[in-house]
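Structural description and commentary
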2 protein chains.
Amino acid sequence: MIGSLDALVRALSPKPVLAVAVAQDAHVLLALRNAADAGLCRPLLIGNEAAIFAAADAAGVALGDMEILPCEGDVECCRAAVRLVREGRAQAVMKGLCGTATILREVLHAETGLRESALLSYVSVFELPGFERLIFLTDPALNMYPDTDAKKHIIHNAVSVARAMGVALPVVACVCALETVNPKMPPTLDAAELVRLWQEREIQNCIVTGPLALDNCLYREAALHKGIEDENAGRADILLVPNIEAGNVLHKAFSMVLGAPGAGVLVGARAPVVITSRVDSEEFKLRSIALALHIAAERNA
Amino acid sequence: MIGSLDALVRALSPKPVLAVAVAQDAHVLLALRNAADAGLCRPLLIGNEAAIFAAADAAGVALGDMEILPCEGDVECCRAAVRLVREGRAQAVMKGLCGTATILREVLHAETGLRESALLSYVSVFELPGFERLIFLTDPALNMYPDTDAKKHIIHNAVSVARAMGVALPVVACVCALETVNPKMPPTLDAAELVRLWQEREIQNCIVTGPLALDNCLYREAALHKGIEDENAGRADILLVPNIEAGNVLHKAFSMVLGAPGAGVLVGARAPVVITSRVDSEEFKLRSIALALHIAAERNA
């Protein structure tokens, strides 16, 4: 198991290509400079050449040997990035200065896209203080109010990330506000249904447990203290949150209030997609690129 | 402003009385012992006398001069605790070994209860690393999926707690997963409506802002970085969460994963109600009792 995210930030050989759509974004170019310097990848910058040079100037970033593929228009740039992956000339995609919806539309395009599983979802992963294992969190960013079927696919996507990180049989905990099924709290019903689907082997390569409140997902002694009999309570690798608000506050509490080392990536397509935000720390951006390239390398191994 | 929760844990004079309903609970008796030793209150233990002695024995707690009011039956004990507050003989109520619903029913009883505002809500408060101000969080425990009207009352209750803690004009941030109003995300609509109600002075004694994601509630520089013009973004004192799942994970991330000093109390009635959980740390329980007694003292000042 890869217990430290920094273990990901290492030179891969051969060096994978990261196709960056609408690359004229100062904060993205800085992250790419760091990634290239770490030997992680060869960035392929897709976009308006003059705008890319201007953004690099503004960020004080030396483009050096980064390759530029001149391209006009957000849709065209996103389509080009996706095509490069389809042709095997790039291993992962990164969003630059365009809307998330624009790049997702191209990734999910029925004919020219990279669609693979039923849905795309965002998975973040953190090194939390006091934990020897990595803690995965999904979905804090993309799927707003997933139903049980969507959650099944979100689990599938997160399990693929955890397995790529060396967790052979991850424990997926359905995070709720309490430990009992309560018809007034729909996430607890979803949790019971997801456990049933797992028992019937409709969800595989993991263990699904819940409903559990966060403390009883993460801490074995909290679960024992509360008298919860489930032997997987307190042993979660993957936190499946019920809605985007719960996921988003937890992601931000971990990354910003705790300052825990973390990374995040969009998965469910044939190649991982890196979507970073201006406010993410440089470390978070670098580790997110590393995570995406690691996942891509594991897929192609 | 009371910047440290530990400032609350001090001897009050005259010593307030804390009425404990169904007191035969080992973990509650231990918390009460600590509170009495800190000079915070005189606990009044309501319940079965033999069971109280047995629970104290089990917890290794010396009851000392704690007073016992013999009473049988959960409902009867809760009713007695509430009556003592109505009669001015106790200043706050604490839940012992009974269901939360049982004590709330008595607190909210139309004729014999302590009903005051439109609803009861739970408010927690934390000292987060890097913050000079206290951060209040509501409602992580009681109200599941409050509508806009319920949120208005939840704000009112939390503002009363923040003001009792010396924050004259607290900033209430409506926590969402992003900063823009999106009809597909009901909490963002609620946030816009709550800001409107505040502008029309239907919500007072505070500033209401939102929708904001957690980072832009808490960190001024994150809000500036993102180009958010609202001058109250990044300056939240009170985090109003949209649903119980978001509140519960945030409360537990702060208290358990971060290990931040915290406290929590149920407010909205004529007296605060202390409801602690077995898994709360002794420090959290002690500070929660102190917070309740401080609020009661401020009310009666």
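Throughout what follows, the structure given in this document is the object of discussion. Position numbers for residues count from 1 along each chain, tracking the sequence in the order it is written. Written order determines the labels here, with chains lettered from A and ligands numbered from 1. Confidence filtering applies because this is a predicted model: local features only for residues at pLDDT of at least 70, side-chain atom pairs given and counted only at 80 or more, and all residues used for totals across whole chains, interfaces and linings. Only hydrogens and water are set aside; all other atoms, that is, all heavy atoms of the structure, feed into the side-chain values.

**Details of the pattern of salt bridges**
Put simply, a salt bridge is a Lys or Arg side-chain nitrogen that is within 4 Å of an Asp or Glu carboxyl oxygen. This structure, assessed with the given rule, holds 28 salt bridges over all chains. We note a salt bridge from R83 of chain B to E87 of chain B, for which the minimum N-O separation is 4.0 Å. Of the charged contacts in the structure, one is a salt bridge between R89 of chain B and E87 of chain B, with a shortest N-O distance of 2.7 Å. The cut-offs for exposure are 20% and 50% of the maximum accessible area for each residue type, with area from a 1.4 Å probe on protein chains only; residues under the lower value are buried, those over the upper are exposed, and the others partly exposed. What makes E87 of chain B partly exposed here is its relative accessible area of 43%. Linked by salt bridges that have partners in common, R83, E87 and R89 of chain A make up one network.

**So, the relation of the copies chain B and chain A**
Mapping chain B onto chain A is achieved by rotating through 180 degrees and translating by 0.0 Å along the same axis, at an RMSD of 0.0 Å. Here the two chains are linked by the operation of a two-fold rotation axis. Proximity to the rotation axis, assessed at the C-alpha, singles out A246 of chain B in chain B; its C-alpha lies 1.9 Å from the axis. Residues below a pLDDT of 70 in either copy are left out; the C-alpha atoms of the rest, at least 70 in both, set the least-squares superposition of the copies.

**Examining the nonpolar core**
To form a nonpolar core, buried Ala, Val, Leu, Ile, Met, Phe, Trp, Tyr and Cys residues must be joined to one another through side-chain atoms within 4.5 Å. L218, L239, L250 and F254 of chain A together with L239, L250 and F254 of chain B are the most contacted members of the largest nonpolar core, which totals 112 residues. Leaving out residues up to four positions away in the same chain, L239 of chain A has contacts with I135, F136, L137, T138, A173, V175, L214, C217, L218, L250 and F254 of chain A. Counting 61 residues, the second largest nonpolar core, distinct from the first, contains L29, A92, A162 and C174 of chain B. Throughout, a residue-residue contact means that at least one pair of heavy atoms, one from each residue, lies within 4.5 Å.

**Some remarks on the pairing of strand β7 (residues 171–175) of chain B**
Residues and elements named next belong to chain B. Taking burial as the measure, the five residues of β7 include five buried ones, the bulk of the element. Comment: elements are numbered from the N terminus, with helices defined as DSSP H or I runs of at least four residues and strands as E runs of at least two. Along β7, one buried face is formed by V171, A173 and V175 and the opposite face, lined by V172 and C174, is buried too. Seen with its strands pointing away from the viewer, a crossover is right-handed when the path leading from the first strand over the helix to the second is clockwise. Remark: the β7/helix α6 (residues 186–199)/strand β8 (residues 207–212) crossover connection has right-handed handedness. With three bridges connecting them, β7 and strand β9 (residues 238–240) associate as parallel partners. When the sheet's bridge partners are listed, A173 is paired in β9 with L239. For two strands to be treated as a pair, DSSP must find at least two bridges joining them.

**Side note on the packing of aromatic side chains**
Residue and element names in this part refer to chain B. When two rings of Phe, Tyr or Trp (its six-membered ring) have centres within 6.5 Å they constitute a pair, described as stacked for plane angles under 30 degrees, edge-to-face for angles over 60, and tilted for the intermediate range. Inspection of the entire model under this criterion finds four aromatic pairs over all chains. Ring geometry for F131 and Y219: centres 5.3 Å apart, planes at 50 degrees, overall tilted. Of this pair, F131 sits in the loop between β5 (121–126) and β6 (135–138) while Y219 sits in the loop between α7 (214–218) and α8 (220–225), and the two are 88 residues apart along the sequence. For the pair formed by F131 and Y219, the shared burial category is buried.

**Notes on the packing of helix α9 (residues 244–257) of chain A against helix α9 (residues 244–257) of chain B**
The N-to-C vectors of α9 of chain A and α9 of chain B enclose an angle of 20 degrees; their axes lie 7 Å apart at closest approach. The angle between the axes of α9 of chain A and α9 of chain B places the two elements in the roughly parallel class. α9 of chain A and α9 of chain B meet at a crossing whose hand is right-handed. Seen from α9 of chain A, the contacting residues are E245, A246, V249, L250, A253, F254 and V257 of chain A; seen from α9 of chain B, they are E245, A246, V249, L250, A253, F254 and V257 of chain B. Axis definition: a line fitted to C-alpha atoms, over the contacting stretch in the case of helices. Angles run 0 to 180 degrees between N-to-C directions. An angle below 35 degrees is read as roughly parallel, one above 145 as roughly antiparallel, one from 65 to 115 as roughly perpendicular, and any other as oblique. It is the rotation of the near helix from the far one that decides the hand of a crossing: anticlockwise by less than a right angle makes it left-handed, clockwise makes it right-handed.

**A few points about the state of the cysteines**
Cysteine sulfur pairs qualify as disulfides if the two atoms are within 2.5 Å. As enumerated under the stated definition, the model contains zero disulfides over all chains in all. Looking at the unpaired C77 of chain A, the closest cysteine sulfur is the one in C71 of chain A, lying at 3.7 Å. Of all cysteine sulfurs in the structure, the one in C78 of chain B sits closest to C98 of chain B, which takes part in no disulfide; the separation is 3.7 Å.

**Thoughts on the environment of F53 of chain B**
Residues and elements named next belong to chain B. Secondary-structure assignment places F53 in helix α2 (residues 49–59). A relative accessible area of 45% means that F53 is categorised as partly exposed. A C-alpha to C-alpha distance of 9.9 Å links F53 and I68, two positions 15 residues apart in sequence. In contact with F53, other than residues within four places in its own chain, are L63 and I68.

**As for the interface of chain B and chain A**
Contact with chain B, which involves 34 residues of that partner, is made by 34 residues of chain A. Here the buried area means the combined drop in accessible surface, using a 1.4 Å probe, for two parts upon being joined, counting both sides. Interface area, chain B with chain A, both sides summed: about 3,000 Å², of which 75% is carbon and sulfur. Three residues stand out in chain B for area buried against chain A, namely E245, V249 and V257 of chain B, and they jointly supply 20% of the buried area on that side. Counting across the chain B and chain A interface gives two salt bridges.

**Observations regarding the pairing of strand β7 (residues 171–175) of chain A**
Bridge count between β7 of chain A and strand β8 (residues 207–212) of chain A: four bridges; the pairing is parallel. Looking across to β8 of chain A, one finds that V171 of chain A is bridged to I207 of chain A.

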